Amino acid sequence: MSSSSDFLAVLANTLESRLPSNGGNPESSYVAKLYHKGPDSFLKKVGEEATELVMACKDADKERIIAETADLWFHSMVALGYYGLRPEQVITELARREGVSGLVEKASRKE
Ligand SMILES: N=c1c2ncn([C@@H]3O[C@H](COP(=O)(O)OP(=O)(O)OP(=O)(O)O)[C@@H](O)[C@H]3O)c2ncn1[C@@H]1O[C@H](COP(=O)(O)O)[C@@H](O)[C@H]1O
C-alpha cells in the first residue's frame, strides 16, 4: 500500500464522491445516506465513536482501541468531507504544531 496520507486522500476522494452534489446514492452508499440525512447524522456518530473509544481504552482492549479509533477517524473524515475540507489540511495543521510542546503553546495563550 502507498503511504498512510495517500490512503487518507483516496478515502477522502471516495467520501467526496458520495456528496449529494456529486450524485451520491443513499440507497447504495452508507456515506451518501449520512450526507443525505444531514450533519446531525454523522455528528452523532462522531460522538458515539469517541465514547466507544474511551470505553475500549478503559478496558485496555487493544483490538477494540484500533477498531474504535478507525470508526472515529472515518466519521471525522465524513464530517471533513461534508464541510469541503481535506485530511491533508489536518495533517498540515499537525505538522505545523510539530515540536511545539502543548505546555508551551498553552502558556503562550495566557499572555
Ligand atoms: N471506512 C469505512 C467505514 N468504517 C465504518 N463504516 C460503517 O459505519 C457504520 C457505523 O458503524 P457502527 O459500528 O456504529 O455500526 P452500526 O451499529 O450498524 O451503526 P448505525 O446503524 O448506528 O449507523 C457501519 O455501517 C460501518 O460499516 C464504514 N463505512 C465505509 N467506510 C469507507 O467508506 C467508503 C465508502 O462507503 P459507502 O459510501 O458505504 O460506499 C468505503 O469504501 C470504505 O472505504
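Residue numbers restart at each chain and count upward from 1, following the sequence in its written direction. The model is predicted, so local features are restricted to residues of pLDDT at least 70 and side-chain atom pairs to those at 80 or more, both for listing and for counting; the totals for chains, interfaces and linings are taken over all residues.

The name given to the protein chain in an unreviewed UniProt entry is Phosphoribosyl-ATP pyrophosphatase, with Pelistega suis as the source organism. UniProt positions are given in the numbering used here, feature names are shortened, and annotations may be inferred rather than shown by experiment. Listed in UniProt under the heading Pathway (unreviewed entry), the comment for the protein chain reads: "Amino-acid biosynthesis; L-histidine biosynthesis; L-histidine from 5-phospho-alpha-D-ribose 1-diphosphate: step 2/9." Among the UniProt annotations of the protein chain, the heading Sequence similarities (unreviewed entry) holds the following wording: "Belongs to the PRA-PH family."

**Student:** How do you make sense of the overall build of the protein chain when you look at a structure like this?
**Tutor:** To qualify as a helix, a DSSP run of H or I must reach at least 4 residues; to qualify as a strand, a run of E must reach at least 2; elements of each kind are numbered from the N terminus. Tallying secondary structure elements over the protein chain gives six helices and zero strands in all. Secondary structure elements of the protein chain, listed N to C terminal, follow the sequence α-α-α-α-α-α. Computation of the radius of gyration draws on C-alpha atoms alone. For the globule rule, the value is 2.2 Å times the number of residues to the power 0.38. In terms of C-alpha radius of gyration, the protein chain reaches 16 Å, well past the compact-globule figure of 13 Å for 111 residues. C-alpha atoms of the protein chain, sized along the principal axes, occupy 50 × 35 × 35 Å. Counting only residues that meet the buried cut, the protein chain has 14% of its 111 residues in that class. To sort residues by burial, count the other C-beta atoms lying within 10 Å of each one's C-beta; a count of 20 or more means buried, 12 or fewer means exposed, and anything in between means partly exposed. C-beta atoms are built from the backbone.

**Student:** Looking at this structure, how should I read the packing of helix α1 (residues 4-17) against helix α4 (residues 62-82)?
**Tutor:** Each pair of packed helices gets described by two things: the angle between the helix axes and the distance between those axes. A fitted line through C-alpha atoms represents every axis, and for helices the fit uses only the stretch in contact; the resulting angles, taken between N-to-C directions, go from 0 to 180 degrees. At their nearest, the axes of α1 and α4 sit 9 Å apart, and the two run at 60 degrees to each other. Judged on the interaxial angle alone, α4 and α1 are oblique. Here α1 and α4 pass one another in a crossing that is right-handed. Across the interface between the two elements, L11, A12, L15 and E16 from α1 touch M77, V78 and G81 from α4. Classes in brief: Ala, Val, Leu, Ile, Met, Phe, Trp, Tyr, Cys and Pro nonpolar; Asp, Glu, Lys and Arg charged; the others, Gly included, polar. Per-class residue counts for the contact of α1 with α4 are five nonpolar, one polar and one charged. Each angle receives one of four descriptions, namely roughly parallel if under 35 degrees, roughly antiparallel if over 145, roughly perpendicular if within 65 to 115, and oblique otherwise. Two helices crossing with the near one rotated counterclockwise from the far one by less than a right angle form a left-handed crossing, whereas a clockwise rotation gives a right-handed crossing. With C-beta atoms placed from the backbone, a contact is any residue pair whose C-beta atoms sit within 7 Å.

**Student:** What is the right way to look at helix α3 (residues 39-58) in this model?
**Tutor:** Side chains of residues three or four places apart in an α-helix project in the same direction, reflecting 3.6 residues per turn. The first and last C-alpha atoms of α3 sit 29 Å apart over 20 residues, in line with the 28 Å expected at 1.5 Å per residue. Listed as buried for α3 are F42, E49 and L53. Angularly, the buried residues of α3 cover 45 degrees about the axis, an arc narrow enough to put them on a single face. Away from its buried face by more than 90 degrees, α3 exposes D40, G47, T51, V54, M55 and K58. Looking at the buried positions of α3, the neighbouring elements they touch are α2 (30-37) and α4. One or two steps after α3, the chain reaches A60, where phi turns positive at roughly 50 degrees. In this scheme, a helix's expected span is set at 1.5 Å multiplied by one less than its residue total. For this quantity, the arc is that covered by the directions from the helix axis to the C-beta atoms.

**Student:** Sorry if this is basic, but what is going on with the environment of P26 here?
**Tutor:** The residue P26 is located in the loop between α1 and α2 in this model. When the C-alpha atoms of P26 and Y83 are compared, they prove to be 18 Å apart, with 57 residues separating the residues in sequence. With near-sequence residues (within four places) excluded, P26 lies in contact with A32, K33 and H36.

**Student:** Can you help me understand the site of the ligand in this one?
**Tutor:** The C-beta atom of each residue is placed using the backbone, and any residue whose C-beta lies within 6 Å of a molecule or strand is treated as near it. Every residue close to the ligand is listed here: L11, T14, R18, S29, Y30, V31, A32, D71 and F74. Listing elements by their share of the shell around the ligand, those giving two or more residues are α1, α2 and α4. Ranked by residues supplied to the shell around the ligand, first place goes to α2 with three residues.

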